[in-house]
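Listed here are the chains, written in short residue letters.
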Amino acid sequence: EKSLGTEHPDVALTLNNLANLYQTQSDYPHAEQLLQRALGIWEKALSPDHPEVATAVGNLASLYESNAEYARAEPLYQRALAIREKAFGPDHRDVALVLNNLAHLYYQNSEYGRAEPLYERALRIWEQVLGPHHPDVAGLRVAEHRQRQVTFHRDPSLVAQLPGGAGLGHPHQLGRLCVQLMPPQLALARALEREHRDAVVDQELPVQHRGHDGEHE
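Residues numbered from 1 in each chain as written. Predicted model: local features only at pLDDT ≥ 70, side-chain atom pairs only at ≥ 80, totals over all residues. Heavy atoms only, no water.

*Asks:* Help me understand the overall build of the protein chain in this model?
*Replies:* The number of helices and strands found in the protein chain is nine helices and zero strands. Starting at the N terminus and walking to the C terminus, you meet the elements of the protein chain as α-α-α-α-α-α-α-α-α. Every one of the 217 residues in the protein chain was classed for burial, and the buried ones make up 37%. Counting contacts in the protein chain only where the partners sit at least 6 residues apart, residues at least 24 apart contribute 58% of the total. As displayed, the protein chain offers around 12,200 Å² of accessible surface, 52% of which is attributable to carbon and sulfur atoms. (Helix = DSSP H or I, 4+ residues; strand = E, 2+ residues; numbered from the N terminus. Buried < 20%, exposed > 50% of the residue type's maximum accessible area, 1.4 Å probe, protein only. Contact = heavy atoms within 4.5 Å. Areas by Shrake-Rupley, 256 points an atom, 1.4 Å probe, with all protein chains shown as cover.)

And the structure:
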């Protein structure tokens, strides 16, 4: 701040990273304060529709989601999605990332009907960008299937809305239903996921610290 000034984008980046540290420590008030300040700097220095602003907005949404403040997180994810769609087009992998995050928010809030089409759209984009056999795509297929399993176990009433689902209302029948809902590529997806995991182990790479799974950059 002394050398660059308090409103420099590099200062905003440092604020963003420090907020990430506070968030991992569950210090949400300090993290929110720093993210709000970083967002203000980027909006002023770049523009409200700049992709870097979308990253900051997504980080703030992730913070609110971590603190179960879903009503505050949703419009921020939607804003980040709109910015990235405008900047990159509807089929960019960065758009898929926000779609996945927004879907996860809805899933956390038990809004399964809103989550599923976003998961499916994110999956289609990643299949187009990475290819259908990429390990990340395979992992998303598995995650989507698991999400469906949890959805129907949490809310068995949804079973009756499916073709032939009226006779599957008993909890012991839900496993059979989830198998019926399994995407055709799921067996391949699981095999690819195992293959990718085994390949990483075989490489015997040195242990590295992993970053946060959200938007942080």
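*Asks:* Help me understand the packing of aromatic side chains, please; the structure alone is not making it clear to me.
*Replies:* Two aromatic rings, taken as a pair, are described by how far apart their centres are and by the angle between their planes. This structure, assessed with the given rule, holds one aromatic pair. When the ring of Tyr107 is compared with that of Tyr112, the centres are 5.7 Å apart and the planes differ by 55 degrees; the resulting orientation is tilted. The two residues Tyr107 and Tyr112 agree in class, both being buried. (Phe/Tyr/Trp six-rings, centres within 6.5 Å; stacked < 30°, edge-to-face > 60°.)

*Asks:* Would you explain the packing of helix α3 (residues 51-66) against helix α4 (residues 70-88) in this entry?
*Replies:* Helix-helix packing: each pair is described by the crossing angle between the helix axes and the interaxial distance. Where α3 meets α4, the axes come as close as 8 Å, and the angle between the chain directions of the two elements is 160 degrees. With respect to each other, α3 and α4 are oriented roughly antiparallel. The interaxial crossing formed by α3 with α4 has left-handed handedness. Two secondary-structure elements touch here, α3 through Pro51, Val53, Ala54, Thr55, Val57, Gly58, Leu60, Ala61, Ser62, Tyr64 and Glu65 and α4 through Tyr70, Arg72, Ala73, Leu76, Tyr77, Arg79, Ala80, Ile83, Arg84, Ala87 and Phe88. (Axes fitted to C-alpha atoms, helices over the stretch in contact; angles between N-to-C directions. Parallel < 35°, antiparallel > 145°, perpendicular 65-115°, else oblique. Left-handed = near helix turned anticlockwise from the far one by under 90°.)

*Asks:* How do you make sense of the environment of Asp91 when you look at a structure like this?
*Replies:* Note that Asp91 resides in the loop between α4 and α5 (93-108). The sequence separation of Asp91 and Val129 amounts to 38 residues, and the corresponding C-alpha distance is 8.3 Å. Every residue in contact with Asp91, bar those within four places of it in the chain, is listed here: Ile125, Gln128 and Val129.

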